[in-house]
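Structural overview for review
So the chains spell out like this:
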Amino acid sequence: MISLPVPDPQLLARRDEIVAALRRIVAPERVIDEPIRLAAYETDALTAYRQKPLAVVLPDTTAEVAAILRYASAEGIRIVPRGAGTSLSGGAIPAADSIVVAMGRFNRILEIDYANRCVVAQCGVTNLAISHAVADRGFYYAPDPSSQIACTIGGNVAENSGGVHCLKYGLTTNNVLGVEMVTPEGEIVRFGGRYLDSGHYDLLGLTVGSEGLIGIVTEVTVRILKRPETARALLIGFLSVEEAGACVARIIAEGIVPAGMEMMDRPAIHAAEAFVNVGYPLDVEALLIVELDGPGAEVDLLLGRVQRLAEEEGATSCRVSTSEAERLAFWAGRKAAFPAVGRLSPDYFCMDGTIPRGQLPHVLAEIGKMSQRYGLRVANVFHAGDGNLHPLILYDANVPGELEKAEAFGNEILKLCVDVGGVLTGEHGVGLEKRDLMTYQFDEPDLEIQHRVKRAFDPALRFNPGKVYPALHRCAELGREHVHSAAPRRFADLPRF
């Protein structure tokens, strides 16, 4: 079982005092301390683990965030930033003695700058809202996680989120130009801007994917793209997941870079079709969705090449979208796959590991063997084009021992990803879920450098405690005196490598 941070009894005893202080910083109704209301903040989309925080505060301005963090720094109180709570790795699960800073009120788009092709948005704006805001001028924001209707741009920055179109257009880190962030000490800083790069240390790159460990992002500047002239998608069916995996590797090897290339296996196909009824073939073991975009002539040429490659790799069916509505219908099933799989089992773990594309057939076959060995079903839904796997391990938490089996199964999948040359995560982050596997991917010098960066921003280890680093989790449990004495005190003092 994954352990949560042990609370400081002295902080728990000061709850009333802390809540009163927060109500002097923000409007009293924007501080939550009643147990029944705290329950809404005790977990995120990794629902197997829950912990009520000491209090929740809902700031309305960056100045309020800074004041909250200055108070927490002075009093030694832990902080857990929270966006929409869609994290699948436990990134927003609080510590019992922590203040959750919930950023949902930061929900305004501040500026649309078509001349520089960017949008400035507060961190609580949803991913999809950015595309909606610029759609009338033919623009959109490329990263599109399946939870894009709910997940926020600040959360996307924290987790470096991807989506079905990240194969061609990149992850969040490739589409963010600048951020405003409040440091653990309450200092407001800006990294990046409306330009593509700077000549300084890449603190913007460090911030994207930092999982709430080094501060709270309050504002994000993202680049927007012109919608392509043409976009068409193919539904390609195979009699085995191994054949579908081989087809993915073949398409990429031929130099074709689709806008998106996704795979679902039989359980996921049937669940998605029952959920949205878009006409997926039900007589196949694996389904590829391949989207090509660009000038019409180029798309037509590439469609023919992909169809030929699929036939050579054993495809038994191939359907090409003939309208924009049909293309969107193809994606509707994939986007709804996670909630659809919820019909198959009371609970499931959504895993997230990334492997070299050429290893897809081998890894999928091994996951099938693990499924039989653990006696737990798996539905595979993933970003096949960039090797980002999302096996959904189905279990029932009401059956004694099944949660533990699911955890062990998930750990074995992630270790396999590392063993074949991949990594522990592609877009969901490490959080609590993968924290104790970090030593499997990284050796001691690697982790020490990462620890030093964390401590440069947060020397007292107060921000998002218990996440990402197992050594820092243990260190925080033992007390501040065990923090590395050589840790730089501020982000400006980062070691120069």
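Residues numbered from 1 in each chain as written. Predicted model: local features only at pLDDT ≥ 70, side-chain atom pairs only at ≥ 80, totals over all residues. Heavy atoms only, no water.

**Section: the packing of aromatic side chains**
Rules: Stacked, tilted and edge-to-face pairs are distinguished by plane angle, under 30 degrees for stacked and over 60 for edge-to-face with tilted covering the rest, among Phe, Tyr and Trp rings (Trp via its six-membered ring) whose centres lie within 6.5 Å. Helix and strand definitions here come from DSSP, where helices need a minimum of 4 consecutive H or I residues and strands a minimum of 2 consecutive E residues; each element is numbered from the N-terminal end. Note on exposure labels: buried denotes an accessible area under 20% of the residue type's maximum, exposed denotes more than 50%, and partly exposed covers the range between, all computed with a 1.4 Å probe on protein chains only.
Across all of its chains, the model carries 4 aromatic pairs by this definition. Ring centres 5.3 Å apart and planes at 45° place the aromatic pair Tyr-114 and Phe-139 in the tilted group. With Tyr-114 in the loop between strand 5 (109-113) and strand 6 (118-122) and Phe-139 in strand 7 (residues 139-140), the pair connects residues that are 25 residues apart, well separated along the chain. Geometrically, the ring pair formed by Tyr-374 and Phe-409 is stacked, given 5.0 Å between the ring centres and 10° between the ring planes. Of this pair, Tyr-374 sits in helix 14 (residues 360-374) while Phe-409 is found in helix 15 (residues 402-419), placing the two residues 35 residues apart along the sequence. In this pair, the class of Tyr-374 matches that of Phe-409, namely buried.

**Looking at the sheet that holds strand 14 (residues 286-294)**
Definition in use: A strand pair is defined by DSSP finding two or more bridges across the two strands. Interaxial angle, 0 to 180 degrees, is taken between N-to-C directions of lines fitted to C-alpha atoms, where a helix line uses only the stretch in contact. Residue contacts are counted whenever heavy atoms from the two residues lie within 4.5 Å of one another.
Taken in spatial order, the 7 strands of this open sheet run 15-12-14-13-18-20-16, and their pairing is antiparallel. In the strand order of this sheet, the two ends are held by strand 15 (317-320) and strand 16 (347-350), each with one partner. Strand-to-strand twist in this sheet, taken as the mean axis angle between neighbours without regard to direction, amounts to 15°. Bridging between strand 16 and strand 20 (residues 391-395) involves 4 bridges; their strand directions are antiparallel. Bridge assignment links Tyr-348 to a residue of strand 20, and that residue is Leu-394. The sheet contacts of helix 11 (residues 296-312) involve strand 12 (230-238), strand 14 and strand 15, and relative to strand 12 the element is tilted by about 5°.

**Brief notes about the sheet that holds strand 6**
The 5 strands are arranged 5-6-10-8-9 in an open sheet whose pairing can be described as antiparallel. The sheet is open, and its two edges are formed by strand 5 and strand 9 (188-192), each paired on a single side. Taken over all neighbouring pairs, the strand axes of this sheet differ in orientation by 10° on average, direction set aside. As paired strands, strand 8 (residues 176-182) and strand 9 are joined by 5 bridges and run antiparallel to one another. Within strand 9, the position partnered with Val-182 by the bridge is Ile-188. Against the sheet, helix 4 (residues 62-75) engages strand 8, strand 9 and strand 10 (216-223), with an angle of about 50° to strand 8. Contacts from helix 5 (residues 127-134) reach strand 5, strand 6 and strand 10 within the one sheet, and its direction differs from that of strand 5 by about 45°.

Honestly, it's all geometry; don't read function into it.
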